[in-house]
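A look at the structure
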Amino acid sequence: MITDTIKNSIKAVLDSLEIEVAEEQIELEHPAELSHGDYACNIALRLAGELSTNPRELAEKIVAALEGGLPEEVTEVTVAGPGFINFHLSSVFFAESVKQIQERGDDFGTSDGSAGRKTIFEYTTQNLLKEFHVGHLMSHVIGNAIANIYQSQGAEVRRDSYQGDVGMHIAKAVWAIMASDDPFPADRETPAQKANYLGGMYAAGDTAFTQNESSREKIEVINEQIYSGKNAEVSEVYKNACQWSLESYQSLYDRLGVQLDWQFFESETAPIGKDIVQQGLDEGIFEENDGAVIYRGDEEAGLHTRVFINSAGIPTYEAKDLGLMQLKYQEYAYDEAVIFTANEQNEYFKVVLAAAGEAIPDLAEGTTHIGHGMLQLKDGKMSSRTGDVLSAEELLDTVKERAKAKIADRLDTDGREAVAENIAQAAVRYAILKGDAAKNVAFDTEQALSFEGNSGPYLQYTYARCRSLLEKAAEEGFQPDAGTIWPEETTDIERLLYRFPSVVARAADQYAPHLIATYLHDLARIFNTFYGNTQIVVAADETPYRLALVQTTAQTLKNGLHLLGITAPEEM
């Protein structure tokens, strides 16, 4: 690999200058500005302090020694700023990299760097009997993208959902259904209608629980009866309500392309978690407090105290999460389990993982929690607690209708529906993924649907433009070929294309899909500038090579969009 070649050259020069340095200290990165070169090394800056020398002077000394024996792939080495060493690669190298992209096709960007690593991702997590809202969509989009990226690096990946099928939220909805005049109305036929009905029942139950003492007491009794299964009427309503809820979720999973290896439920994890806590109680990890079992957080570490078994003997969310860790490992002996939730659960998971670190240390060590921001609309954060919830399906439907209107004059009726769905999902997914996942997303429908600028449809449109160019060229008898004559001047497209595998690897290492999104936008922007300034389908010696640039740009866009969970349509 070119990176190894450059590192070896630097190491050889440092050895000749009698400067001892470990190979891992020599790091290469891509400069943010393409004009600054193709690789940059900060070794002079890192060594200057311990050598008591000026970093730029040291960098110039290294460059002077390098110039006597540059690798054939490198045309120039320069010093920039306080002491960065920049490497500029040759046009031959770039032409060869374009050929390699053509040869690798759909595999371009993949690697075996994580081969043998077993990882399970939990990103489809919601409480039954509530609607799948835009917050759940955030976890899905981010978690799915990172799982895809991990898989592309050779890891063995599994995906699971964790459904809250027991707890006070369930009891509230079951109480409201039993108290209603028309439980499970017959006119609620579609999954969306069923989800909407259950969401309304939950909201009604939550209001009654808060405002009416008598209703509160009845709901608390129902909660215990759901756990015990001793009341046949409650069990029947509970069973039917959960079935309706799962049907509605599955409908959305199908739409989003979610393929789950396991669906775990709180009712399964509750007894396991309770046993873990009881054993931890005997070992002094947990303690009794007013009839409950608590884990006392370390105040010095900024952790608060939480209840793991309540005074009624029922395991809380915390205990169930401990049970989930064990249940997952029983099903899949993973190296790492990654959990995605909203940032508002960050402090909660710090306590849970601290408790797990004492009670089940091996599983805690392999568990990573990643918090993400909220999806904010014009009305701010939506909350199912008030019943004023925007479901994920409503958001997708709204964006889809607007997408359909945008392409009405571009496509015939037959193809419009599928393309509009692709565009809607691209608009929503990319709006979520283009920024740091830890930050909130301000979703603007018009901006997200724009065919210009930093949007999913813009990337899709660029891909479709590439495919159209290739089709037009084929009709005129031209084919892409990176092995023929190429222009003397290397384009920014080539300087960016070869970087894709390293961007994907870094995105996997940092759980950062926004790195891929940013890269794809830069590639699309640079390609469209090239397209606007260059005659591509024309009789000229450089035409096959230029078409190879079009083809490899399309391939890279397609591969990158796939990692983000976005489809690349052939026409728009």
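A brief structural summary. None of these values were measured; they are calculated from a predicted model.

1. Examining the packing of aromatic side chains
One pass over the structure, following the stated rule, counts 25 aromatic pairs. On the basis of an interplanar angle of 35° and a centroid distance of 5.5 Å, the ring pair of Phe500 and Tyr519 is categorised as tilted. With Phe500 in helix α19 (residues 500-509) and Tyr519 in helix α20 (residues 514-533), this residue pair connects regions lying 19 residues apart in the sequence. Tyr519 matches Phe500 in its accessibility class, with the two residues each being buried. Through a chain of ring-to-ring contacts, three or more aromatic side chains come together here, namely Tyr39, Phe93, Phe94 and Tyr498. The lysine or arginine in question, Lys172, covers the ring of Phe209, its NZ or CZ lying 4.7 Å from the ring centre. The ring centre of Phe451 lies 5.3 Å from the NZ or CZ of Lys406, which sits over that ring.

2. Considerations on the packing of helix α6 (residues 168-179) against helix α8 (residues 213-228)
For any two helices packed against each other, one specifies the inter-axial angle together with the distance between the axes. Close contact between α6 and α8 brings their axes to 8 Å; oriented N to C, the two are set at 115°. The orientation of α6 with respect to α8, classified from their angle, is roughly perpendicular. In this structure, the crossing between α6 and α8 has a hand that is right-handed. On the side of α6, the interface is formed by Met168, Ile170, Ala171, Lys172, Val174, Trp175 and Met178, while α8 contributes Ser215, Lys218, Ile219, Glu220, Ile222, Asn223 and Ile226. Its residues placed into classes, the contact of α6 with α8 shows nine nonpolar, two polar and three charged.

3. Some points on the environment of Phe340
With respect to the helices, strands and loops of the structure, Phe340 is situated in strand β11 (residues 336-342). C-alpha separation for the pair Phe340 and His169, spaced 171 residues apart in sequence, amounts to 21 Å. Those residues in contact with Phe340, other than ones at most four positions away along the chain, are Phe121, Glu122, Tyr123, Ser139, Ile142, Gly143, Ile146 and Ile370.

4. Some thoughts on empty space enclosed by the protein
Using the criterion set out here, one finds two cavities of 30 Å³ or more in the structure. In this structure, the largest cavity occupies an estimated 50 Å³ of space. If you go around the largest cavity, the residues you meet are Asp321, Leu324, Met325, Lys328, Tyr334, Ala337, Ile339 and Thr367. At four residues, the largest contribution of residues to the lining of the largest cavity is made by helix α11 (residues 317-331). Looking at the lining of the largest cavity residue by residue, the classes come out as five nonpolar, one polar and two charged.

5. Re a negative patch on the surface
Together, Asp412, Asp414, Glu471, Glu475, Glu476 and Glu571 line one region of the surface with negative charge. With respect to the element layout, Asp414 can be found in helix α15 (residues 413-433). Asp414 gets classed as exposed once you look at its relative accessible area, which sits at 75%.

6. A closer look at the sheet that holds strand β9 (residues 292-295)
Hydrogen bonding along the main chain pairs the strands of a sheet, whether they run parallel or antiparallel. In space, the three strands of this open sheet follow the order β8-β9-β10, with antiparallel pairing throughout. A strand with exactly one partner marks an edge of an open sheet, and here the two such strands are β8 (287-289) and β10 (306-309). Within the sheet, the average angular offset between the axes of one strand and its neighbour, ignoring direction, is 50°. Note that β8 and β9 share three bridges and pair antiparallel. Bridging from a neighbouring strand, Asn289 pairs with Ala292 of β9.

7. Comments concerning the sheet that holds strand β7 (residues 262-265)
A sheet is described by the order of its strands in space; here five strands give the open sequence β7-β6-β5-β11-β12, paired in parallel fashion. Edge strands, defined here as strands with exactly one partner in the open sheet, are β7 and β12 (367-372). Pairs of neighbouring strands in the sheet enclose a mean axial angle of 25°, with direction left out of account. With four bridges connecting them, strand β6 (residues 156-164) and β7 associate as parallel partners. Following the sheet pairing, Gln163 is matched in β7 by Phe265. Packed on one face of the sheet, helix α12 (residues 346-359) meets β11 and β12 and runs near 170° to β12.

8. With respect to the side chain of Thr269
Tracing the backbone through its elements, the reader meets Thr269 in helix α10 (residues 266-282). With near-sequence residues (within four places) excluded, Thr269 lies in contact with Tyr162, Lys320, Gly323, Leu324 and Leu327.

9. Digging into α12
A rise of 1.5 Å per residue sets the reference length of α12, with its 14 residues, at 20 Å; its end C-alpha atoms lie 20 Å apart and thus fit the reference within 8%. Every buried residue of α12 is accounted for by Tyr348, Phe349, Val351, Val352, Ala354, Ala355 and Ala356. For α12, the secondary structure elements touched by its buried residues are β9, β10, α11, β11, α13 (361-365) and β12.

10. Let's talk about α20
Its 20 residues give α20 an end-to-end C-alpha distance of 29 Å, which sits within 8% of 28 Å, the value for a rise of 1.5 Å per residue. Listed in full, the buried residues belonging to α20 are Leu515, Ile516, Ala517, Tyr519, Leu520, His521, Leu523, Ala524, Ile526, Phe527, Asn528 and Phe530.

11. Focus on the side chain of His372
Among the structural elements, His372 can be located in strand β12. You can call His372 buried: its relative accessible area is 2%. At 3.5 Å, the side chain of His372 forms a polar contact with the backbone nitrogen of Ala342. Not counting residues up to four positions away in its chain, the partners in contact with His372 are Gly135, Met138, Ser139, Ile142, Thr341, Ala342, Asn343, Ala437 and Ala438.

12. Focus: unusual backbone geometry
Of note, Leu129 is a non-glycine position whose phi angle comes to about 75°, a positive value. By secondary structure assignment, the location of Leu129 is in the loop between β5 (118-127) and α5 (134-152). Positive phi values are uncommon outside glycine, yet Tyr511 reaches one of about 50°. Within the fold, Tyr511 resides in the loop between α19 and α20. On the basis of relative accessibility, which here comes to 21%, the residue Tyr511 falls in the partly exposed class.

13. Observations concerning the pattern of salt bridges
In this structure the tally under the stated criterion is 28 salt bridges. Arg402 is the salt-bridge partner of Glu446, the closest N and O atoms lying 3.5 Å from each other. Taken together, the positions of Glu446 in helix α16 (residues 445-448) and Arg402 in helix α14 (residues 392-406) put the pair 44 residues apart, joining distant regions of the chain. Looking at Arg402, the relative accessible area reads 38%, which means it is partly exposed. One connected set of salt bridges, linked through shared partners, spans Arg255, Glu393, Asp397, Lys400, Glu401, Lys404, Glu417 and Glu421.

How each quantity is defined
Residues numbered from 1 in each chain as written. Predicted model: local features only at pLDDT ≥ 70, side-chain atom pairs only at ≥ 80, totals over all residues. Heavy atoms only, no water. Phe/Tyr/Trp six-rings, centres within 6.5 Å; stacked < 30°, edge-to-face > 60°. Helix = DSSP H or I, 4+ residues; strand = E, 2+ residues; numbered from the N terminus. Buried < 20%, exposed > 50% of the residue type's maximum accessible area, 1.4 Å probe, protein only. Lys NZ or Arg CZ within 6 Å of the ring centre and 35° of its normal. Axes fitted to C-alpha atoms, helices over the stretch in contact; angles between N-to-C directions. Parallel < 35°, antiparallel > 145°, perpendicular 65-115°, else oblique. Left-handed = near helix turned anticlockwise from the far one by under 90°. Contact = heavy atoms within 4.5 Å. Nonpolar A, V, L, I, M, F, W, Y, C, P; charged D, E, K, R; others polar. 1 Å grid on protein atoms, 1.4 Å probe; cavity = no way out; pocket = protein on both sides within 12 Å on 5 of 7 lines; lining within 4 Å. Points joined across faces, edges and corners; volume = space filled by probe spheres on them. Patch = residues over 30% accessible without salt bridge, like charges linked within 9 Å, V, L, I, M, F, W, Y side chains within 5 Å. Areas by Shrake-Rupley, 256 points an atom, 1.4 Å probe, with all protein chains shown as cover. Salt bridge = Lys/Arg side-chain N within 4 Å of Asp/Glu carboxyl O. Lys, Arg positive; Asp, Glu negative; His and termini not counted. Charge placed at Lys NZ, Arg CZ, Asp CG, Glu CD. Pairing = 2+ DSSP bridges. Expected span 1.5 Å × (residues − 1). Polar contact = N/O pair within 3.5 Å; in protein donor to acceptor, adjacent residues only side chain to side chain.

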